[in-house]
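# Coordinate inspection notes
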Amino acid sequence: MVSYLQVDGLTKSFGDLILFKDISFGIAEGQRVGLIAKNGAGKTTLLNILSGKEGYDGGNIVYRRDLKVAYLEQDPHYPEELTVLEACFHHGNSTVELIKEYEKCMETEGHPGLEELLIRMEHEKAWDYERQAKQILSQLKIRDFNQKVKHLSGGQLKRVALANTLITEPDLLILDEPTNHLDLDMTEWLEEYLQRANLSLLMVTHDRYFLDRVCSEILEIDNRQVYQYKGNYTYYLEKREERVNAVTVEIERANNLYRTELEWMRRMPQARGHKARYREDAFYELEKVAKQRFNNDNVKLDVKASYIGSKIFEAEHLFKSFGDLKILDDFSYIFSRYEKMGIVGNNGTGKSTFIKMLMGEVQPDSVPLILVKRYDLVIILKMACSLMISSRLLMWCKT
Ligand SMILES: Nc1ncnc2c1ncn2[C@@H]1O[C@H](COP(=O)(O)OP(=O)(O)O)[C@@H](O)[C@H]1O
Ligand SMILES: [Mg+2]
């Protein structure tokens, strides 16, 4: 894989606050990396450093030559007097610069260098820039292109900035919380856009479903270090637990040994000669490990409220009986996307019948069940129905 970005030994602090120390990681062509960490751990600062907006104390950052990078800041700013469309031409990305060059050439007598410029305009698809800008803005529900930036809400401004980063079709896209101001439609559109586009991605998001769908790898900042996981958020949770367990075991082991060594240190202060020097040094090292406080909280990501509105099925006054056996008696429920429901009951109470109703294989006695058909829903129901509910499936359901 071609390396797009390599970071080596990066260190950054603000005064006494050390955000990260000697961290190294890389992003290669086609990698989609989710950056996660607790609030205040330095995600935004790291992205600012990578985009050159913030300095750093030590280390190296190397991009592949001529790599097109676009960056969506957490809180973007534009000069207030610009219109929405002008804002899309404001940041000096290479296409915008090229268009400016072209316009200048056309205003100059004899049009110097026009031929070469035309080739570059063609190559960069610069002719299409404005049309594309308008299209993406519309998808993000920004419809008044002549509105002044100063009249936009924070959320609208962020969407303009997002459009801005997408238009140029960069090789590497760096996004800081892109979905915070998007509704469900827009989030799904962005999800698709990012999957389709042939790009590499480094993204901060608190939205775990978006993260799971878009990113195939996780980069975590924790205790000033970075950890790279070759899998999505679910995989990260598993691996992180393993890492936490390993550290906990190490601390426990150190504590046991520490107690013995402490006895030795106390009992034989006189007897400690030169030979014991090594053991004494080792004792202090051991003490450091034993006394360390390890914060094993996971980074908690949210389920965005906007997802919840999306309905999978709706049961309204459902009735179902087989002779005297009542299975459903006036059952009403709205089941939303990402909800997890367990169906429990003694044998013969109607669990499978209920699932078959969801699949449309059994009709209720009353009005039909309203089911928004989804491919993955049907598959999971089929699996559940055949009662092959393995622990793996249950794990999958839980996440
Ligand atoms: N310019 C700055 N000067 C001093 N401290 C800063 C500055 N920028 C950020 N910080 C501090 O650095 C820490 C990390 O901030 P930030 O990168 O925004 O974290 P995150 O994006 O992970 O929430 C925070 O404690 C923040 O207060
Ligand atoms: Mg941030």
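Throughout, residues of each chain are indexed from 1 in the direction in which the sequence is written. Here the convention is simple: chains get letters from A, ligands get numbers from 1, in the order in which they are written. Confidence filtering applies because this is a predicted model: local features only for residues at pLDDT of at least 70, side-chain atom pairs given and counted only at 80 or more, and all residues used for totals across whole chains, interfaces and linings. Note that the side-chain values use all heavy atoms of the structure and ignore hydrogens as well as water.

Per an unreviewed UniProt entry, the protein is named ATPase, and its organism is Bacteroides graminisolvens DSM 19988 = JCM 15093.

The way to describe two aromatic rings as a pair is by their centre distance and the angle between their planes. Any two rings among Phe, Tyr and Trp, with Trp reduced to its six-membered ring, count as a pair given centres within 6.5 Å; such a pair is stacked if its planes are under 30 degrees apart, edge-to-face if over 60, and tilted if neither. As enumerated under the stated definition, the model contains eight aromatic pairs in all. Look at Tyr102 and Trp127: their rings are 5.2 Å apart centre to centre, the planes differ by 85°, and that puts the pair in the edge-to-face class. Note that Tyr102 is positioned in helix 3 (residues 94-107) and Trp127 in the loop between helix 4 (114-123) and helix 5 (129-139), a separation of 25 residues in sequence. Given the relative accessible area of 17%, Tyr102 is considered buried. The partly exposed category is assigned to Trp127, whose relative accessible area is 45%. Seen in terms of ring centroids, Phe331 and Phe354 are 5.6 Å apart; in terms of plane orientation they differ by 90°. Their pairing is edge-to-face. Highlighted residues: Phe331 in strand 11 (residues 325-336) and Phe354 in helix 12 (residues 351-358), separated in sequence by 23 residues. Secondary structure elements follow DSSP: runs of H or I of four or more residues count as helices, runs of E of two or more count as strands, with numbering from the N terminus. The classification of residues rests on relative accessible area computed with a 1.4 Å probe and restricted to protein chains. Under 20% of the type maximum is buried, over 50% is exposed, and intermediate values are partly exposed.

As a further point, take the coordination of the magnesium ion (ligand 2). Each metal's donors are the N, O and S atoms within 2.8 Å of it, or within 3.2 Å when it is Na, K or Ca, and because water is not part of the set, sites may look incomplete. Thr44 (OG1) and Gln74 (OE1) make up the full set of protein donors to the magnesium ion (ligand 2), lying at 2.0 to 2.1 Å. With Thr44 in helix 1 (residues 43-50) and Gln74 in the loop between strand 5 (69-72) and helix 2 (84-87), the pair connects residues that are 30 residues apart, well separated along the chain. Residue classification places Gln74 among the partly exposed residues on the basis of a relative accessible area of 28%.

Looking now at the side chain of Thr353. Residue position: Thr353 is located in helix 12. Its relative accessible area of 13% is what places Thr353 among the buried residues. In what follows, a contact means two residues having at least one pair of non-hydrogen atoms within 4.5 Å. Excluding its chain neighbours within four sequence positions, the residues that come into contact with Thr353 are Phe322, Ile327 and Val362.

Moving on, we get to helix 7 (residues 184-196). To estimate how far a helix should reach, multiply one less than its number of residues by 1.5 Å. When the terminal C-alpha atoms of helix 7 are compared, their 18 Å separation across 13 residues agrees well with the 18 Å that a helix rising 1.5 Å per residue should span. Among all positions in helix 7, only Leu184, Met186, Thr187, Trp189, Leu190, Glu191, Tyr193 and Leu194 are buried. Its side-chain oxygen at 3.2 Å from the backbone nitrogen of Asp185, Asp183 defines the N-terminal cap of helix 7. Polar contacts, as used here, are pairs of N or O atoms within 3.5 Å; protein pairs need one atom able to donate a hydrogen and one able to accept it. Residues neighboring in sequence count only if both atoms are side-chain atoms.

The next point concerns the nonpolar core. Of all hydrophobic cores here, the largest spans 52 residues; its most connected members are Leu166 and Leu194. When residues in this core are grouped by element, the largest group, seven residues, is from helix 6 (residues 154-167). Beyond its immediate stretch of four places on either side in the chain, Leu166 contacts Ile136, Leu173, Trp189, Leu190, Tyr193 and Leu194. The criterion is simple. A nonpolar core is a set of buried Ala, Val, Leu, Ile, Met, Phe, Trp, Tyr and Cys residues joined through side-chain atoms within 4.5 Å. Core analysis: the second largest hydrophobic core is formed by 26 residues, Val33, Ala37, Ile174 and Ile221 among them.

What follows concerns the sheet that holds strand 9 (residues 225-229). Strand order in the open sheet made by the six strands is 5-6-7-3-8-9, with mixed pairing throughout. Both edges of this open sheet fall to strand 5 and strand 9, since each of them pairs with a single strand only. Between one strand axis and the next, the sheet turns through 15° on average, direction left out of account. In terms of strand pairing, strand 3 (residues 32-36) meets strand 8 (residues 217-222) through four bridges, oriented parallel. Counterpart to Gly34 in the pairing with strand 8 is Ile218. Most of the contacts of helix 1 go to strand 6 (residues 172-176), to which it runs at about 145°, and overall it touches strand 3, strand 5, strand 6, strand 7 (200-204) and strand 8. For helices, the fitted axis covers only the stretch in contact; all axes are lines through C-alpha atoms, and the angles between them, taken along N-to-C directions, range from 0 to 180 degrees. Helix-sheet contacts for helix 6 involve strand 5 and strand 6, and the interaxial angle to strand 5 is about 170°. A pair of strands is considered paired only if DSSP assigns at least 2 bridges between the two.

The next point concerns the sheet that holds strand 2 (residues 17-28). Spatially, three strands are ordered 2-1-4 in an open sheet, and the strand pairing comes out antiparallel. The strands lining the two open edges of the sheet, one partner per strand, are strand 2 and strand 4 (58-63). Strand-to-strand twist of the sheet, defined as the mean angle between neighbouring strand axes without regard to direction, takes the value 15°. Here strand 1 (residues 3-14) pairs with strand 4 via five bridges, running antiparallel. Bridge pairing in strand 4 links Val7 to Ile61. Docked against the sheet, helix 1 engages strand 1, strand 2 and strand 4, running at close to 125° with respect to strand 1.

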